[in-house]
Amino acid sequence: LGIIRELKGRILLVPFGVAAGTLCGSALAWLILSRWVEGGFAETLAVGAGFGYYSLATVIITRLGDPALGSVALLSNMIHEALALLLPPLIVRFTGRLGPVLAGGAAAMDTCLPVIAQVSGERCAVLALFSGMCLTLFVPVIVPLLMALR
């Protein structure tokens, strides 16, 4: 709690930065791949807005009427989580201690937390827990909004 009090409002920059960066990265992926792959801009953003929370994003997208896109979301977010579990030592080397927290997305608060704590330390583990909780709350809000735009 001391770390959260010390950072005050700045702690919100982590989950909002992850959300903004993920959506920008998804938009860039759509720009690059749209020539070769079917799928609209909103669908691409909706898959990215899973933030690594593969079970929830998949269910939301599938229930909104697109089972194929739900499968894409499942695979995309599972790969995201697997890389977030395997690459933190490398990520720390190239980006610093906050890198694994950002890369973990929603999974930073649960499955990736032990790895983040080991390679980044206690302070970043607290940030990971907070960021992951916020991103988990963002998924059921942002994914349906983006699916409604298609």
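Use the structure listed above.
The numbers attached to residues start from 1 for each chain and follow its sequence in the written order. Under the rules for a predicted model, residues below a pLDDT of 70 receive no local features and side-chain atom pairs below 80 are neither given nor counted, while totals for whole chains, interfaces and linings still include all residues. Side-chain numbers here rest on the full set of heavy atoms in the structure, without hydrogens or water.

Trainee: Help me out: how do you make sense of the overall build of the chain in this one?
Mentor: Helix numbering and strand numbering both begin at the N terminus, where a helix is a DSSP run of H or I of at least 4 residues and a strand a DSSP run of E of at least 2. Within the chain, the regular secondary structure consists of nine helices and zero strands. The C-alpha atoms of the chain give 15 Å as radius of gyration, which agrees with the globular expectation for 150 residues (15 Å, within 12%). With the C-alpha coordinates aligned to their principal axes, the bounding extent of the chain is approximately 45 × 30 × 25 Å. Note on classification: 1.4 Å probe, protein chains only; a residue is buried when its accessible area is under 20% of the maximum for its type, exposed when over 50%, partly exposed between these limits. A buried classification covers 40% of the 150 residues belonging to the chain. Once local pairs closer than 6 in sequence are excluded, the contacts in the chain between residues at least 24 apart make up 68%. When the accessible surface of the chain is totalled, it reaches about 8300 Å², and 71% of it is carbon and sulfur. Side-chain charges of the chain comprise 9 positive and 7 negative groups, with the mean position of each set lying 11 Å from the other. We compute the radius of gyration over the C-alpha atoms and compare it with the globule rule, which gives 2.2 Å times the number of residues raised to the power 0.38. Residue contacts follow a heavy-atom distance rule, with two residues in contact if any of their heavy atoms lie within 4.5 Å. Here the open area of atoms and residues is found with the Shrake-Rupley method and a 1.4 Å probe, where only the protein chains shown may cover a residue. Counted as positive: Lys and Arg. Counted as negative: Asp and Glu, with His and the chain ends omitted from the count. One atom stands in for each charge, and that atom is NZ of Lys, CZ of Arg, CG of Asp or CD of Glu.

Trainee: When you look at the nonpolar core in this model, what are you seeing that I'm missing?
Mentor: For soluble globular proteins, nonpolar side chains are generally found buried alongside one another. Throughout, nonpolar core names a set of buried Ala, Val, Leu, Ile, Met, Phe, Trp, Tyr and Cys residues whose side chains join them through atoms within 4.5 Å. Counting residues in each nonpolar core, the largest one holds 35 residues, and the members touching the most others are Phe51, Ile61, Val101, Leu135 and Val143. Those elements that place two or more of their residues in this core are helix 1 (2–7), helix 2 (13–33), helix 3 (41–48), helix 4 (54–63), helix 5 (67–86) and helix 9 (122–148). Ranked by the residues each element gives to this core, the list is headed by helix 9, at 11 residues. Those residues in contact with Val143, other than ones at most four positions away along the chain, are Ala46, Ala49, Gly50, Ile60 and Ile61.

Trainee: Even after reading the chapter, I still don't get the layout of surface pockets, so can you show me in this structure?
Mentor: In this approach the atoms are scanned with a rolling probe the size of a water molecule, which exposes any empty space left behind. Taken as a whole, the largest pocket holds about 460 Å³ of empty space. Forming the walls of the largest pocket are 23 residues, and the residues nearest its centre are Ser26, Ala29, Thr44, Val47 and Val72. Looking at the lining of the largest pocket, the elements with two or more residues in it are helix 2, helix 3 and helix 5. A per-class count over the lining of the largest pocket returns eight nonpolar, 13 polar and two charged. Points on a 1 Å grid, built from protein atoms alone, make a cavity when a 1.4 Å probe fits but cannot get out and make a pocket when they are open with protein on both sides within 12 Å along at least 5 of 7 lines; residues with an atom within 4 Å of a point are the lining residues. Grid points are joined across faces, edges and corners, and a volume is the space filled by probe spheres set on the points. Size it by volume and the second largest pocket reaches roughly 180 Å³. As for the second largest pocket, its lining consists of Gly17, Val18, Gly21, Thr22, Phe51, Ser76, Ile79, His80, Leu83, Leu102, Ala103 and Gly105. Breaking the lining of the second largest pocket down by element, the ones donating at least two residues are helix 2, helix 5 and helix 7 (99–104). Residues are sorted three ways: Asp, Glu, Lys and Arg are charged, Ala, Val, Leu, Ile, Met, Phe, Trp, Tyr, Cys and Pro are nonpolar, and all the rest, Gly among them, are polar.

Trainee: Would you mind showing me how to read the pattern of salt bridges here?
Mentor: A side chain of one charge can pair with a side chain of the opposite charge if their charged atoms are brought near each other. The rule for a salt bridge is simple: a side-chain nitrogen of Lys or Arg has to be within 4 Å of a carboxyl oxygen of Asp or Glu. Applying the stated criterion across every chain, the model contains three salt bridges. Put simply, Glu6 and Arg123 hold a salt bridge, and the shortest N to O gap is 2.8 Å. In this pair, Glu6 sits in helix 1 while Arg123 sits in helix 9, placing the two residues 117 residues apart along the sequence. Of the residues examined, Arg123 reaches a relative accessible area of 31% and is grouped as partly exposed. Here the salt bridges share partners, and the residues they tie into one network are Glu43, Asp66 and Arg150.

Trainee: I keep staring at the side chain of Asn77 and nothing clicks. Help me out?
Mentor: In this fold, Asn77 is placed in helix 5. Look past the residues within four positions of Asn77 in its chain and what remains in contact with it is Val47, Gly50, Phe51, Gly52, Tyr53, Tyr54 and Ala57.

Trainee: Where do I start with a nonpolar patch on the surface in this structure?
Mentor: What makes a patch is a set of residues exposed beyond 30% relative accessible area and free of salt bridges, joined within 9 Å when like-charged and within 5 Å when nonpolar (Val, Leu, Ile, Met, Phe, Trp, Tyr). On the surface, a cluster of nonpolar side chains totalling about 800 Å² of accessible area is made up of Leu75, Ile79, Leu83, Leu85, Leu86, Leu87, Leu90 and Phe94. Listed by contribution, the elements that provide at least two residues to the nonpolar patch are helix 5 and helix 6 (88–95). Of all the elements, helix 5 adds the most residues to the nonpolar patch, at five residues. Tracing the sequence through the fold places Leu86 in helix 5.

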